[in-house]
Amino acid sequence: MHKPVLVEEVLALMPAETRLVIDCTIGGGGHAEAIVGKLGNEVELIGFDRDVAALEIARKQVEKHATRVRLVHDSYARMEKHIPDSAVGGVDFILMDLGLSSIQLEESGRGFSFQKSQESAKRIWRAKQRGQNCQTNS
Ligand SMILES: C[S@@+](CC[C@H](N)C(=O)[O-])C[C@H]1O[C@@H](n2cnc3c(N)ncnc32)[C@H](O)[C@@H]1O
């Protein structure tokens, strides 16, 4: 199971009136769940990940708050394609927890484990189609 790091520190950095958060690397959704779960019902979050398997885990992690979370299967480098112009000025906080998650390293079976012998799948991204949106509430 993936444990997000520095959750309390991230929450402490967020402005008091935070309404819209971009999680550039939502991964297993640990930070996202803490943000939408602890900061109140006005907070909405858009979460990006290149790994469709990570997004599936994140979807379950945030399902209690699904109406306030939008998951996007794409690189954060293309975030301008997914955020309406009208919302850009309203973004209060951007989180980037860069790298790979422990799920990808140890449990994905994609050959990146330091502890288990696995056949190398040679690819970290389980991509379907780049740019596909995954609504959590559908
Ligand atoms: C350390 S994990 C994030 C963990 C997450 N904060 C949590 O609480 O579970 C990093 C994630 O970034 C994703 N990632 C790496 N490069 C990316 C990119 N260019 N765009 C979107 N996601 C990316 C990986 O697939 C991985 O799921």
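Since this is a predicted model, take the numbers as computed values, not measurements.

Caption draft 1: The arrangement of the overall build of the chain in detail. Scanning the chain from N- to C-terminus turns up 5 helices and 5 strands. The secondary structure elements of the chain, listed N-terminal to C-terminal, are α-β-α-β-α-β-α-β-α-β. Sorting the 138 residues of the chain into buried and exposed places 28% on the buried side. The contacts of the chain with a sequence gap of at least 6 include a subset with a gap of at least 24, amounting to 70%.

Caption draft 2: View of the site of the ligand. Lining the immediate surroundings of the ligand are 22 residues, of which Pro4, Thr25, Gly27, Gly28 and Gly30 lie closest. Of all the elements in the fold, those that place two or more residues in the shell around the ligand are helix H2 (30-38) and strand S2 (44-49). For the shell around the ligand, the per-class residue count stands at 8 nonpolar, 10 polar and 4 charged.

Caption draft 3: Quick peek at unusual backbone geometry. You will see that Leu6, though not glycine, has its phi angle at about 55 degrees, which is positive. One can find Leu6 in the segment before helix H1 (7-13).

Caption draft 4: Inspection of the nonpolar core at higher detail. One finds Ala32, Ile35, Val36, Leu45, Ala58, Val69 and Leu71 to be the most contacted residues of the largest nonpolar core, which totals 19 residues. Every element with two or more residues in this core is listed here: strand S1 (20-23), H2, S2, helix H3 (52-61) and strand S3 (69-73). A per-element tally of this core places H3 first, with 4 residues. Among residues more than four places away in sequence, those in contact with Val36 are Val43, Leu45, Val62, His65, Arg68 and Val69.

So, how was this worked out
- Residues numbered from 1 in each chain as written.
- Predicted model: local features only at pLDDT ≥ 70, side-chain atom pairs only at ≥ 80, totals over all residues.
- Helix = DSSP H or I, 4+ residues; strand = E, 2+ residues; numbered from the N terminus.
- Buried ≥ 20, exposed ≤ 12 C-beta atoms within 10 Å, placed from the backbone.
- Contact = placed C-beta atoms within 7 Å.
- Near = placed C-beta within 6 Å.
- Nonpolar A, V, L, I, M, F, W, Y, C, P; charged D, E, K, R; others polar.
- Core = buried A, V, L, I, M, F, W, Y, C linked by C-beta atoms within 7 Å.

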